[in-house]
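# Structural overview
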Amino acid sequence: MSAQILAGEEGISASVEILRKGGVVGLPTETVYGLAGDAFQPTAVARIFEAKGRPLTDPLIVHLPEAGWLERVVRFSSSEQSQLVHDLTSAFWPGPLTLLLPKHPDLPDLVTAGSDRVAVRVTAHPLFQEVLRRFDSPLAAPSANRFGRISPTSPLDVQIELGDRISLILDGGPCEHGLESTLVAVNVDGNGEGSLTLSILRPGPITKDQLLQYGHIASPERIVNSPGSLPGHYAPKKRLHIIDPDIKGLIPTMHVGSYGYMAFTSPPQEIAPQCAAVEILSPTSNMEEAAANFYGALRRLDQSNVDMIYAESIPEEGIGVAIMDRLRRASHGSNNGTGHHLDGDLQP
Ligand code: TXA
Ligand code: MG
């Protein structure tokens, strides 16, 4: 069975109807497609975990249509924290920034996997915003892929990942950014002084440089554990090796069997006979374009008739930091020759 893919008004009203009945729907955001359900209905939230095959220990992001809804799901620890969040949300919302904040007690614990913090975001996608406003309540939505697999950046990707498990995908076209939002914890420092720090739990389209003017950036490991930032996420089924672009000319001489190749700006000069598929992320070296094409390219290479995938490393500047983060996790989680395919397994 496959899910219906609907656009426009028809898609919006059908989505709201399903959500009101406690169902789940694939919705577009400017980062990746999400799988949404009513954040205040535990059965709807449970359906999200079930459809993704996601362990109940891995919390979900709550989506709001505007910052004015924050206090429905968040209880600020202090006026300083609320002020800093106001500054951050004024600068970056709607947009690809998710904030980890103290959870409101009324929000079901299932959403946050029992944690006293909730991740919240306001997407800039007009269709998701419209669904939220009509539904009139926050929506929990992780990326619309099976747990541990490649995130979807088009309605067809969602169909491939979850089409047999959900009934509707709202068509918002291809995703603008193509990588998940930057996830930032707004911490009240444990030293009793009440000073605030930010920690980046997942790099994304909003960069560290953009966040620096809002506060000290602390290292995340000390602060909080975020299950989805484990190695082994975003994994293709094929073995994936990251290579330095300087040595791309050597691969044909080293490689036995067919392979796919992901280039940043240009393919290897001579395409070897064993190279069965090539993807170029951005012919003009544009990082944003590379990010937007990344998951789609990875998915196509994974589906092509190759034994393994080589992916060029990318300069770690701007959103390049987030692309390399996903590439390393994809490589770690891929069938990397050990005979052990992680496929969502939480153990690295
Ligand atoms: O761009 C995005 O953020 C997309 C779109 C659909 O909004 N969503 C997304 O959700 O990427 P998901 O569930 O695939 O990734 C959310 C990440 C996971 O790594 C999860 O562990 C972490 O955020 N997270 C969510 N709530 C958390 C919490 N309360 N504490 C710590 N980490 C949390
Ligand atoms: Mg995800």
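Residues numbered from 1 in each chain as written. Chains lettered and ligands numbered in written order. Predicted model: local features only at pLDDT ≥ 70, side-chain atom pairs only at ≥ 80, totals over all residues. Heavy atoms only, no water.

All right, on to the packing of helix α10 (residues 287–303) against helix α11 (residues 320–333) then. Packing of α10 against α11 brings their axes to within 9 Å, and their N-to-C directions diverge by 20°. By the criterion of interaxial angle, the relationship of α10 to α11 is roughly parallel. In this structure, α10 meets α11 at a crossing whose hand is left-handed. Contact residues: Met287, Ala290, Ala291, Phe294, Tyr295 and Leu298 in α10; Gly320, Ile323, Arg326, Leu327 and Ala330 in α11. Of the residues in the contact of α10 with α11, the class split is 9 nonpolar, 1 polar and 1 charged. (Axes fitted to C-alpha atoms, helices over the stretch in contact; angles between N-to-C directions. Helix = DSSP H or I, 4+ residues; strand = E, 2+ residues; numbered from the N terminus. Parallel < 35°, antiparallel > 145°, perpendicular 65-115°, else oblique. Left-handed = near helix turned anticlockwise from the far one by under 90°. Contact = heavy atoms within 4.5 Å. Nonpolar A, V, L, I, M, F, W, Y, C, P; charged D, E, K, R; others polar.)

This part takes up the nonpolar core. Counting residues in each nonpolar core, the largest one holds 44 residues, and the members touching the most others are Val62, Leu70, Leu99, Leu101, Val120, Ile166 and Leu211. Among the elements of the structure, α2 (42–52), α3 (70–73), α4 (79–92), β5 (97–102), β6 (117–121), α6 (155–162), β9 (182–188) and β10 (196–202) are those that each provide at least two residues to this core. What Val62 contacts, discounting residues up to four positions off in sequence, is Ala39, Val73, Leu107, Val111, Val118, Ala119, Val120, Arg121, Pro138, Leu139 and Ala140. One finds Tyr234, Leu240, Ala277 and Ala297 within the second-largest nonpolar core, a separate group that totals 27 residues. (Core = buried A, V, L, I, M, F, W, Y, C linked by side-chain atoms within 4.5 Å. Buried < 20%, exposed > 50% of the residue type's maximum accessible area, 1.4 Å probe, protein only.)

For any two aromatic rings, the description comes down to two numbers: the centre-to-centre distance and the angle of the planes. Counted by the stated rule, this structure contains 4 aromatic pairs. Summarising the aromatic geometry, the rings of Phe92 and Tyr214 are spaced 5.6 Å apart at their centres and angled 65° between planes, so their arrangement reads as edge-to-face. One end of the pair, Phe92, is in helix α4; the other, Tyr214, is in the loop between α7 (208–212) and β11 (216–217), and 122 residues separate them in sequence. Classification of Phe92 by relative accessible area gives buried; the value is 10%. Feature note: the residues Tyr234, Phe294 and Tyr295 constitute an aromatic cluster, connected by ring pairs. It is Arg72 that lies over the ring of Trp69; its NZ or CZ is 3.7 Å from the centre. Stacked on the ring of Tyr234, the Lys or Arg Arg326 has its end atom at 5.4 Å from the ring centre. (Phe/Tyr/Trp six-rings, centres within 6.5 Å; stacked < 30°, edge-to-face > 60°. Lys NZ or Arg CZ within 6 Å of the ring centre and 35° of its normal.)

A cluster of nonpolar side chains, Ile247, Leu250 and Met254, forms an exposed patch at the surface whose accessible area comes to about 270 Å². In this structure, Met254 sits in helix α9 (residues 251–254). (Patch = residues over 30% accessible without salt bridge, like charges linked within 9 Å, V, L, I, M, F, W, Y side chains within 5 Å. Areas by Shrake-Rupley, 256 points an atom, 1.4 Å probe, with all protein chains shown as cover. Salt bridge = Lys/Arg side-chain N within 4 Å of Asp/Glu carboxyl O.)

Next up on the list: the site of ligand 1. Inspection of the region around ligand 1 gives 26 residues, with Thr31, Asp58, His63, Arg117 and Ser181 positioned closest. One nitrogen or oxygen atom from the main chain of Arg117 is found 2.8 Å from a nitrogen atom belonging to ligand 1. Interatomic distance of 2.5 Å between a side-chain N/O atom of Ser181 and an oxygen atom of ligand 1. Contact with the protein chains removes 97% of the 680 Å² of surface that ligand 1 exposes when unbound. (Near = heavy atom within 4 Å. Polar contact = N/O pair within 3.5 Å; in protein donor to acceptor, adjacent residues only side chain to side chain.)

Looking now at the sheet that holds strand β14 (residues 275–280). Where strands meet in a sheet, backbone hydrogen bonds hold them as pairs that are either parallel or antiparallel. Across the sheet, which stays open at both edges, the 4 strands sit in the order β12-β15-β13-β14 with parallel pairing between neighbours. For this open sheet the edge positions go to β12 (239–243) and β14, each flanked by a neighbour on one side alone. Here the strands of the sheet are splayed against their neighbours by 20° on average, with no regard to which way each runs. Summarising the sheet, β12 and strand β15 (residues 308–312) pair through 5 bridges and their orientation is parallel. Residue Arg239 lies in a different strand from β15, and its bridge partner there is Met308. Each of β12, β13 (259–263), β14 and β15 is contacted by α10, which is oriented at about 170° to β13, the strand it contacts most. Along the sheet, α11 makes contact with β12 and β15, crossing β12 at roughly 135°. (Pairing = 2+ DSSP bridges.)

Along the chain, Gln159 turns up in helix α6. Using a relative accessible area of 17% as the deciding quantity, one classes Gln159 as buried. A polar contact is formed between the side chain of Gln159 and the backbone oxygen of Ala3, at a distance of 2.9 Å. Not counting the four nearest positions on each side in its chain, Gln159 is found in contact with Ser2, Ala3, Ile5 and Ile169.

With that out of the way, let us pick up α11. Helix length check: α11 (14 residues) gives 20 Å between terminal C-alpha atoms against 20 Å at 1.5 Å per residue, within 8%. Of all 14 residues in α11, 11 are buried; the element is thus mostly enclosed. Those residues of α11 not exposed but buried are Gly320, Ala322, Ile323, Met324, Asp325, Arg326, Leu327, Arg329, Ala330, Ser331 and Gly333. Looking at the buried residues of α11, the elements they touch are β10, β12, α10 and β15. (Expected span 1.5 Å × (residues − 1).)

Moving on: the environment of Phe294. Locating Phe294 in the fold gives a position in helix α10. In this structure the C-alpha to C-alpha distance between Phe294 and His233, which are 61 residues apart in sequence, comes to 15 Å. Look past the residues within four positions of Phe294 in its chain and what remains in contact with it is Leu179, Met262, Leu281, Ile323, Arg326 and Leu327.

Remember, this is a structural readout, not a statement about activity or role.
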